[in-house]
Amino acid sequence: MKRGFFLILSLFAAFFLFMVLSFMYDTASGEEGRSRGTAIEVVLKSALGEDMDFWTVVDQGLHDAAREFDVAIHVTGPPHEKDIDRQIEILDEIIEEDPSLIILAATDYVRLAASVEKAQDRGIPVITVDSGVKSKLPLCFVATDNLEAGEKAGEYMKSLLTGLPGKKAAIVSHIRETATAIERERGVRKALGDLALEETWFCDTNVEKAYRISRELLKNPEIGGIVALNEGSSLGVARAVAEAGNAGDVMVVAFDNAVQEMIYLEEGVIQATVVQRPYNMGYLSVKAAAEVLENRKVEAVVDTGSVLITKDNMFERGYQELLFPFSGKF
Amino acid sequence: MRHFFSFGTLESRIYTIFTVMIFGAIFIMQLVAFRYTEKTVKSTAIESNRVILHQLVSQIDSYIQGMEQISDALTGSREVLDWLAFRGGISGDMPPGGIQERLRHYIQAREDISEILLVRTDRQILTSDPEARINPWTALQDKPWFSRAAEAGGRTTVSSSYVQNLLWGRYSWVVSLSRGILDASGRLLGVLLVDLKFNRISSLCQSLIIGKRGYNFILDSKGNYVFHPTQQLVYSNIRTEPLEEVLGMASGTGESLYYLDGRYYMTEHSPLTGWYVVSVLYESDIITEWKSIQLIYTLIALVLFLVVGLVTHKVSSGITKPVRRLQEIMGRVETGDFPLVGELEGTDEIRDLARDYDIMVGRIRELMAANVKEQEQKRKSDLKALQAQINPHFLYNTLDSIIWMGEMGQCKEVVQMTSALSKLFRISISKGRELIPIRSELEHVRSYLIIQEMRYKDKFRYEMDVDPRILDLYTLKITLQPLVENAIYHGIKEAEHPCCLGISGWLEEDVVHLEVKDDGVGMDEKALSVIRERLKEGGGRPGRGGHGVGIHNVHERIRLYFGKDYGLSCHSSLSRGTVMLVRFPLLDMGDAS
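If you're wondering where the values come from, they're calculated on a predicted model, not measured in any experiment.

**So, the overall build of chain B**
Next up, step 1: For chain B, the helix and strand inventory stands at 17 helices and 17 strands.
Next up, step 2: The proportion of buried residues among the 593 residues of chain B is 48%.
Next up, step 3: Long-range pairs, those at least 24 residues apart, make up 64% of the contacts in chain B between residues at least 6 apart in sequence.
Next up, step 4: When the accessible surface of chain B is totalled, it reaches about 30200 Å², and 55% of it is carbon and sulfur.

**Regarding helix H2 (residues 53–69) of chain A**
Next up, step 1: Here H2(A) is 17 residues long and its end C-alpha atoms lie 24 Å apart, about the 24 Å a rise of 1.5 Å per residue gives.
Next up, step 2: In terms of residue burial, H2(A) counts as a mostly covered element, since twelve of its 17 residues are buried.
Next up, step 3: Turning to H2(A), its buried residues are Asp53(A), Phe54(A), Trp55(A), Val57(A), Val58(A), Asp59(A), Gly61(A), Leu62(A), Ala65(A), Ala66(A), Glu68(A) and Phe69(A).
Next up, step 4: Against the buried residues of H2(A) lie strand E1 (39–43), strand E2 (72–76), strand E10 (272–276) and helix H10 (278–293) of chain A together with helix H7 (231–235) and strand E10 (275–282) of chain B.
Next up, step 5: Once H2(A) finishes, Asp70(A) follows within two positions and takes phi at roughly 60°, a positive value.

**What to know about the environment of Leu306(B)**
Residue and element names in this part refer to chain B.
Next up, step 1: Inspection of the secondary structure puts Leu306 in helix H9 (residues 283–331).
Next up, step 2: Residue classification places Leu306 among the partly exposed positions, given a relative accessible area of 23%.
Next up, step 3: The spacing of Leu306 and Thr19 is 287 residues in sequence and 10.0 Å in space, taken between C-alpha atoms.

**Notes on the pattern of salt bridges**
Residues and elements named next belong to chain B.
Next up, step 1: A full pass over the atoms with the stated rule returns 34 salt bridges over all chains.
Next up, step 2: For Asp348, the salt bridge identified is with Arg351, shortest N-O distance 3.0 Å. With Asp348 and Arg351 both in helix H10 (residues 348–388), this residue pair falls three residues apart, about one helical turn.
Next up, step 3: For Arg351, a relative accessible area of 34% translates into the label partly exposed.
Next up, step 4: Residues Asp472 and Arg439 are paired through a salt bridge, measuring 2.8 Å at the closest nitrogen-oxygen approach. Placement of the pair is Asp472 in the loop between strand E12 (460–466) and strand E13 (474–476) and Arg439 in helix H13 (residues 438–455), with a sequence separation of 33 residues.

**Some thoughts on the packing of helix H7 (residues 207–218) of chain A against helix H8 (residues 231–244) of chain A**
Residue and element names in this part refer to chain A.
Next up, step 1: Here H7 crosses H8 at 45°, and the two axes come no closer than 7 Å. Relative to H8, the element H7 lies oblique. Viewed along their axes, H7 and H8 form a crossing whose handedness is right-handed. Residues Val207, Glu208, Ala210, Tyr211, Ser214, Arg215 and Leu218 of H7 form the contact with H8, whose participating residues are Gly232, Ser233, Leu235, Gly236, Val237, Arg239, Ala240, Val241, Glu243 and Ala244.
Next up, step 2: For the contact of H7 with H8, the per-class residue count stands at nine nonpolar, four polar and four charged.

**Quick notes on the confidence of the model for chain A**
Next up, step 1: Here chain A averages 83 in pLDDT, and 86% of its residues register 70 or above.
Next up, step 2: No element of chain A has a lower mean pLDDT than helix H1 (residues 2–28) of chain A, at 63, and none a higher one than E10(A), at 92.

**Focus on the environment of Glu453(B)**
All names here are of chain B.
Next up, step 1: Tracing the backbone through its elements, the reader meets Glu453 in helix H13.
Next up, step 2: The exposure class assigned to Glu453 is partly exposed, which follows from its relative accessible area of 29%.
Next up, step 3: Between the C-alpha atoms of Glu453 and Met417, which are 36 residues apart in sequence, the distance is 9.9 Å.
Next up, step 4: Sequence-distant contacts of Glu453, defined by excluding residues within four places in its chain, comprise Phe460, Arg461 and Tyr462.

**Describing the sheet that holds strand E7 (residues 196–202) of chain A**
In a beta sheet, neighbouring strands pair by backbone hydrogen bonds and run either parallel or antiparallel.
Residue and element names in this part refer to chain A.
Next up, step 1: Spatial strand order, E7-E6-E8-E9-E10-E12: six strands in an open sheet with mixed pairing. Single-partner strands in this sheet number two, and they are E7 and strand E12 (306–310). The sheet shows a mean angle of 20° between the axes of neighbouring strands, taken without regard to direction.
Next up, step 2: One ladder, built from five bridges, connects E10 with E12; its direction is antiparallel. Pairing of Thr273 across the sheet is with Ile309, part of E12.
Next up, step 3: Sheet contacts for helix H9 (residues 259–267): strand E9 (251–255), E10 and E12; angle to E10, the most-contacted strand, approximately 145°.

What counts, and at which threshold
Residues numbered from 1 in each chain as written. Chains lettered and ligands numbered in written order. Predicted model: local features only at pLDDT ≥ 70, side-chain atom pairs only at ≥ 80, totals over all residues. Heavy atoms only, no water. Helix = DSSP H or I, 4+ residues; strand = E, 2+ residues; numbered from the N terminus. Buried < 20%, exposed > 50% of the residue type's maximum accessible area, 1.4 Å probe, protein only. Contact = heavy atoms within 4.5 Å. Areas by Shrake-Rupley, 256 points an atom, 1.4 Å probe, with all protein chains shown as cover. Expected span 1.5 Å × (residues − 1). Salt bridge = Lys/Arg side-chain N within 4 Å of Asp/Glu carboxyl O. Axes fitted to C-alpha atoms, helices over the stretch in contact; angles between N-to-C directions. Parallel < 35°, antiparallel > 145°, perpendicular 65-115°, else oblique. Left-handed = near helix turned anticlockwise from the far one by under 90°. Nonpolar A, V, L, I, M, F, W, Y, C, P; charged D, E, K, R; others polar. pLDDT = per-residue confidence, 0-100. Pairing = 2+ DSSP bridges.

Below is the structure:
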């Protein structure tokens, strides 16, 4: 009885000592003991292929942020951006695994919404990156303000067309009903007004198809410029213009930064290209995810911004890495 | 159990004070140790980071130096100088295959070289690859590597990192080493460009880091980024680095370490490239490193505390156990007991205390015994005095009777009474002895009765019936006389009729019984119970005078001598007389003497 009492007293005091000391240093060390090891699942629009520079850079941003914010991430995606069914399948499989958070770049604005709702039902928070879904559930949408990006492209095209009176601009977009396509087109049309042809051509991210479309478009004498809304369409359009030999006659404002586009830009086939910041997209989406996991408030929309690149500024120090990302390729 | 939990006990006091003190001591020690270790760990981490930074800088430098050797070899080459100076067989328009071969050789040997080329004053460019086309949309004079090399004389200049677009359709991240090639008179003949693949430097920067989150970045002499692991964030202003402070540090003034938002910055300048290599160390990485140390410290404290707690408990109970034992034994004094402690386990002080206590208890016992004896002696002497006190009235009356009988000429009676009185006194003195044979006692009471019989003529007569076997047994002297006196004065004297007083004695189971019986007035219940009450009280002093003083004295004396089992008992009833019985043990003759 007596021995027990003193033993308990000692233990209690020792425990108290332990608690006080470890608490003191826990608070001193601040961010320690954060959600390390909890996996964040990232489902991108397409698996990382050689040609998809955009997603490679996003991936780099994702991983750099994961290191900095000390979270574990796992990146997957369908083989191709058009493979919507496959992405839904992947997402559903991931929901079954009950990750702590999902970062999604939706291949389809409408069809992915159901899966997002399913994740929400299971209490898995979702953050969308680059392309959102038709749902209010995602806590955060990290993307280029595509409307603004489109406007930039449109404004530049408009200034180019002032030198070509009476001419109009055509719009070659990528995939119908994709959030980015819709937004960019709206931006371009907003800036161009009636300088834009009413019809929009879709190339389904296929360079060949964009090329064929452009060949047809170039036969139309009314057209003084073409705005291409993504990498594939830009390459197709530029190729058609270059081959037709009317570089500088037909203005091209493109999107994205494939190497070939850079060459076209230097050659003067493409007058300008609107470039997103994929690295920041990846980085900021993981940053937002880390904040969600820490139960901090996040902005509903994070604009990663876009830059209009012309031949004059393409080798400026600030833009070089944007156009030629460090991925071992350059 | 009560005293274990109250602060009043020695044990709990010692324990609590020790525990609190040790707790405080360990706590303070831990605080100091923590602070100290935190400092040490931090400075160690920073020191090793500095070492690694230095290593990084020297690796970059030696890498660049290695490249310079190539440029040395080329600029010293006859063939190259000839081509640059428009000498040699082929007027200079056709690129000499020999030089190109050498350039290609270097590139193949060193895979980290992206391109080597020569620029002649006529802007003719000689590359390693005869197939390569010069980018028609680029202007040499816009290229910093070209203009700087032209200005720097024969020295090598190192550019910042940038995308080289000199060859058509090829874009590569490079760091350029460029160098003007002069002729003997110091005239510029051309420029040699060695493009180093930048990923070599960037991977160096990314491999030599400390902690999970630490990183390095490089600034050129103007404060522009040569390399930053999250360059895009820097350029889009999502992340900013404290460039001014970092460059200030490198200039040698002020601190060599800069702290901002949980990050430590340290810079080293590379004179060869003119770059500033900055290493960033996260405080949280340092903390995770010594987190484990902290855990060990706390565990040590815990174990220490437990051990000390147990030892304290042992020590405190070692001290207090004998004290408590002592306390328990001493506590019994309250009950009037004086036990000895005896041999006790404990410290010297406790043992001394126990021994002294035992001595004290011994003394107290002795004193108490002496005191009891003294008291007894005193009471005995009191009683002795009392018994020696022959009622003066009796003496006076007796002497009066003698005088009166003398006057009457009753000579015979005078002699009889006087001799009885003489015998009475002689026996009552009996040479100061307390115990006398029952025979003498009977003689004594008979003398008394003779006197009283003569004084109260015809008032009573007496009979003696004593077992002759007990005559030689001993009794306390003056046992019967007070009883007889009492019987005469309170029983017989008041009676209307002549009475009879009987004295008898017998032995019953080693107890001597002496009885004085009268058939006088006797006592009512009330008077009897008063007398019995007095006898029962014992020890107390009987009230002076009045009824039964003599009886009481007899009773007390017997009890003093023989113990509480013996003494006087009284039976009486009104007008039928009184019986007084004295009981005392058969005395050993040895005792008597």
